[in-house]
There are 2 protein chains.
Amino acid sequence: MAKIKVDLKERSYEVIVGAEILADIGKIIESEKWGRDVFIITDPLVNDLYGDNLRKGLKSFKHHTIEIPRGEKNKDLKIASRVYDELVRYSAHRDSLIIAFGGGVVGDLAGFVAATYMRGINYLQVPTTLLAQVDAAIGGKTGVNHPKCKNLIGSFYQPKLVCADVETLTSLPARELRTGLAEVVKYGVIEDADFFKFLEANSHHLNTKAFESPDTLRASLKVWQIIVTESAKIKASVVAKDEKEAGLRMILNYGHTIGHAIETLTRYRAYNHGEAVAIGMVAAAEIASRQKMIGTDSVLRIVDLLEKLGLPTEIEGLPANKVVQALGIDKKVMAGKIQFVLPERIGKAVVADNVPIKVIKSVIEELGCR
Amino acid sequence: MAKIKVDLKERSYEVIVGAEILADIGKIIESEKWGRDVFIITDPLVNDLYGDNLRKGLKSFKHHTIEIPRGEKNKDLKIASRVYDELVRYSAHRDSLIIAFGGGVVGDLAGFVAATYMRGINYLQVPTTLLAQVDAAIGGKTGVNHPKCKNLIGSFYQPKLVCADVETLTSLPARELRTGLAEVVKYGVIEDADFFKFLEANSHHLNTKAFESPDTLRASLKVWQIIVTESAKIKASVVAKDEKEAGLRMILNYGHTIGHAIETLTRYRAYNHGEAVAIGMVAAAEIASRQKMIGTDSVLRIVDLLEKLGLPTEIEGLPANKVVQALGIDKKVMAGKIQFVLPERIGKAVVADNVPIKVIKSVIEELGCR
């Protein structure tokens, strides 16, 4: 089991990474005195698969489980309202504790409810998807969607603990695992060349096939622990330096500028978050290469690793000019305020807002035609 | 014009108290660079009376005014949702600034929206009622009501500035002014004997009659500036020591234990907040006197001042046993976890949770029968 500190002064907390550790959470709550009444907020599938493991450790607590429907489209004020209702019905009070137990949707919504119930009560993040374990659950970003804009309503509200059990990854569909891997690769590119190398060397472990036989399962769980731990370390260190995304935290947006445009254009269907980010990372690396900031060999390594992990590196079924339009730069000469995170080498990236528009267009066109 | 600092480290801000200073707010926003796009959230009456004064100073800004309906019953997630919609429609962004311009309902709701729009944007409190100027606008408590519980959904989120213009008090109905005075008297009792004396000496100014002739208006505005300033100082110093109401801030609940029961029982109609608190303050003083904590002369001074200000000091039209029931102590021998703030003398109060139930009952019965 690994422990990583997210250093935010009086709001500091730990990220714990391990395998089959759900039942241990109760002991930690008990010794830390985070609350006697526990409310688990989760979704039906996670509850079915792992709810009992978590509750096994909560025998000495009064606890109640609240299920919310799965899917990003349910991450809204209406569902949050229902959770408030249920908390009131079961007399949740200032000293109650919320456990956000699931993927990103559960984490964001339950975190937001914790941030706003009685002006903020304690909560833990217990993420069960790779994307949530390496990214969403760490850093205190909480929120729900507005019909016109994702995550528009929310707050920065740090949990008391993040507990990532890699055993929950073994039930993820292949595509869900891959979407998380895109963010993992991102960490390697922006911050840690050795980690990137580790991913290259272990790419054969990083798929759902490895979960199928008991032998490869055990080996791969060890690899996953390292991956989640190293990713959490990088995320934690960036968050510690810039809690509210005033500057440095933007580095985490590598691949997200063009990725977000692709995601929006395909309405989060044709490409999911990680897939769109994978394409965005290739695009940003290509832009950096055209600007003579990074060598073509490094760009190739990024493309190769993503491909080995089964992630897309080209835009299919989407006209390049649509992507350019979605970036809102089609009428400008310079990208102006549009920020790109550009790698200088594997392991280091910078924020740039002075990329010439013709370079962006040309890279997008190339990614769309190859 | 007086300036009081609310000392909360990186979240510190000033409370400015003056007369006819609404038009100056724009200059402050400009020099502090709090945002270029300004969204005024207010209600129709405040907007009619003072909106143009405020907007006069905002000529160099893009600004938009959002009206929300008046009344505590409208302080809910539905109205907050409408405000989010309007902010999105007018492209409010991370660097936009919200001005909460009105009484407690506007301040709480607009503060909550500011706390949660894009995970928190800058906002100012410009309170226009006495209650909001001396209490609600200072300290960063924001929130909306849940059908089952007032202020259940909210957060602690500090404004960048509180600007209290006492000129806005001159349009308040007499009863609205009195409800604020109850909190003012509270500050004197719990923290400042000199301020209490000042209130005794100036009680003849403290009513709407003083606003009727130009001569008394001017004199009374000076008194109101002192009152709002001194009250803000006390509130600011308590908040600075206990931002999130973990301990000391509870002292501000003097009069609120029984007051809240009365308010709830009469559904915020027969008695408004200040009136219920006035009765609660007499009750708590009487309890302290029975416990030999405070002299009867001090209790009499509290009762006298409240009466001079036109505030109730007895419970009318409400059976004493209902109040006892509402406190949830009718079946207990000791009040147990029910906390009372009890004055030890004028200018000092303590928190007690060991008041014998028979003392509480007897005091309530006496206040209901006199």
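No experiment lies behind these values; they were computed from the predicted model shown.

Asks: Is there a simple way to think about the interface of chain A and chain B in this case?
Replies: A common way to state how big an interface is: give the accessible area lost once the parts meet. Opposite the 25 residues of chain A that make contact, chain B presents 25 residues. When the two sides are added together, the surface that chain A and chain B hide from each other amounts to roughly 2200 Å², 57% of it contributed by carbon and sulfur. In this structure, the connection of chain A to chain B is made through one salt bridge. Here Arg94(A) and Glu245(B) are joined by a salt bridge, their closest N and O atoms 3.0 Å apart. Our enumeration of links across chain A and chain B arrives at nine residue pairs in polar contact (both at pLDDT 80 or more). When residues in the side of chain A that touches chain B are grouped by element, the largest group, six residues, is from strand 8 (residues 149-156) of chain A.

Asks: Which parts of the structure should I look at to understand the relation of the copies chain A and chain B?
Replies: In summary, the two copies of the chain are related to each other by a rotation about an axis coupled with a shift along it. Once chain A has been moved 0.0 Å along the axis and rotated by 180°, it coincides with chain B to within an RMSD of 0.0 Å. Expressed as a symmetry operation, the mapping of one chain copy onto the other fits a two-fold axis. Proximity to the rotation axis, assessed at the C-alpha, singles out Leu77(A) in chain A; its C-alpha lies 4.2 Å from the axis. Most of the interface of chain A is mirrored in chain B, where 100% of its interface residues are also at the interface.

Asks: For this particular structure, what's the right way to read unusual backbone geometry?
Replies: Leave glycine aside and you will find that most residues have negative phi; peptide bonds, for their part, are mostly trans. All names here are of chain A. Despite not being glycine, Glu20 shows a phi value in the positive range, around 55°. Mapped onto the fold, Glu20 is located in the loop between strand 2 (13-18) and helix 1 (25-32). Within the chain, Met118 stands out as a residue other than glycine whose phi angle is a positive 50°.

Asks: Before we go on, may I ask you to explain the sheet that holds strand 9 (residues 161-165) of chain A in this structure?
Replies: Two pairing modes exist for strands in a sheet, parallel and antiparallel, and in both the strands are linked by backbone hydrogen bonds. Residue and element names in this part refer to chain A. Read across the open sheet, the seven strands follow the order 1-2-9-6-5-3-4; overall the sheet is mixed. Among the strands making up the open sheet, the edge pair consists of strand 1 (2-6) and strand 4 (62-67). Along the sheet, successive strands turn relative to each other by an average axial angle of 20°, direction set aside. In the packing of helix 1 onto the sheet, the strands contacted are strand 2, strand 5 (97-102), strand 6 (122-127) and strand 9, and the crossing angle to strand 6 comes to about 160°. Of the strands in this sheet, strand 3 (37-42), strand 4 and strand 5 are in contact with helix 3 (residues 77-89), which crosses strand 4 at around 155°.

Asks: Before we go on, may I ask you to explain the confidence of the model for chain A in this structure?
Replies: Caution applies to low-pLDDT regions: their predicted coordinates should not be interpreted in detail. Residues of chain A with pLDDT of at least 70 account for 97%, and the chain-wide mean is 93. The ipTM assigned to the predicted complex is 0.92, against a pTM of 0.94.

Asks: Would you mind going over the packing of aromatic side chains with me for this structure?
Replies: The geometry of an aromatic ring pair comes down to the distance between the two centres and the angle between the two planes. A complete count under the given rule lists four aromatic pairs over all chains for this structure. Aromatic side chains Tyr123(A) and Tyr157(A) sit 5.7 Å apart centroid to centroid with 10° between the ring planes, which places their arrangement in the stacked category. Taken together, the residues span a long stretch of sequence, with Tyr123(A) in strand 6 and Tyr157(A) in the loop between strand 8 and strand 9 at a distance of 34 residues. Aromatic side chains Phe211(B) and Trp224(B) sit 6.4 Å apart centroid to centroid with 40° between the ring planes, which places their arrangement in the tilted category. Residue Phe211(B) is found in the loop between helix 7 (193-202) and helix 8 (214-241), and its partner Trp224(B) is found in helix 8; the two are separated by 13 residues along the sequence. Classification of Phe211(B) by relative accessible area gives buried; the value is 11%. In this structure Trp224(B) comes out as buried when scored by relative accessible area, which is 0%. We note Arg119(B) situated over the ring of Phe156(A); from NZ or CZ to the ring centre the distance is 5.9 Å. Sitting over the ring of Tyr187(B), Lys186(B) keeps its end group 5.0 Å from the ring centre.

Asks: What is the right way to read the environment of Leu252(B) from this model?
Replies: Note that Leu252(B) resides in the loop between helix 8 and helix 9 (256-265). In this view, Leu252(B) contacts Lys186(B), Tyr187(B), Ile190(B), Lys235(B) and Val238(B); residues no more than four positions away in its chain are not counted.

Asks: Help me understand the pairing of strand 3 (residues 37-42) of chain B, please; the structure alone is not making it clear to me.
Replies: Residue and element names in this part refer to chain B. The buried fraction of strand 3 is high, at six of six residues. Side chains of strand 3 alternate between two faces, with Asp37, Phe39 and Ile41 and Val38, Ile40 and Thr42 buried alike. Where strand 3 lies against strand 4 (residues 62-67), six bridges are found, and the strand directions are parallel. The residue of strand 4 that forms the bridge with Ile40 is Thr65. Remark: the strand 3/helix 2 (residues 44-56)/strand 4 crossover connection has right-handed handedness.

Asks: Which parts of the structure should I look at to understand the packing of helix 6 (residues 174-191) of chain A against helix 8 (residues 214-241) of chain A?
Replies: Residues and elements named next belong to chain A. Relative orientation of the contacting elements helix 6 and helix 8 amounts to 55°, with a least axis distance of 10 Å. Comparing the axis directions of helix 6 and helix 8 gives the class oblique. Once helix 6 is placed against helix 8, the crossing between them reads as left-handed. Residue-level contacts link Leu177, Leu181, Val184, Tyr187 and Glu191 of helix 6 to Trp224, Ile227, Ser231, Ile234 and Lys235 of helix 8. Looking at the contact of helix 6 with helix 8, its residues break down into seven nonpolar, one polar and two charged.

Cut-offs used in this document
- Residues numbered from 1 in each chain as written.
- Chains lettered and ligands numbered in written order.
- Predicted model: local features only at pLDDT ≥ 70, side-chain atom pairs only at ≥ 80, totals over all residues.
- Heavy atoms only, no water.
- Contact = heavy atoms within 4.5 Å.
- Buried area = accessible area lost by both parts, 1.4 Å probe.
- Salt bridge = Lys/Arg side-chain N within 4 Å of Asp/Glu carboxyl O.
- Polar contact = N/O pair within 3.5 Å; in protein donor to acceptor, adjacent residues only side chain to side chain.
- Helix = DSSP H or I, 4+ residues; strand = E, 2+ residues; numbered from the N terminus.
- Least-squares fit on C-alpha atoms with pLDDT ≥ 70 in both.
- Pairing = 2+ DSSP bridges.
- Axes fitted to C-alpha atoms, helices over the stretch in contact; angles between N-to-C directions.
- pLDDT = per-residue confidence, 0-100.
- Phe/Tyr/Trp six-rings, centres within 6.5 Å; stacked < 30°, edge-to-face > 60°.
- Buried < 20%, exposed > 50% of the residue type's maximum accessible area, 1.4 Å probe, protein only.
- Lys NZ or Arg CZ within 6 Å of the ring centre and 35° of its normal.
- Right-handed = clockwise from strand over helix to strand, strands pointing away.
- Parallel < 35°, antiparallel > 145°, perpendicular 65-115°, else oblique.
- Left-handed = near helix turned anticlockwise from the far one by under 90°.
- Nonpolar A, V, L, I, M, F, W, Y, C, P; charged D, E, K, R; others polar.

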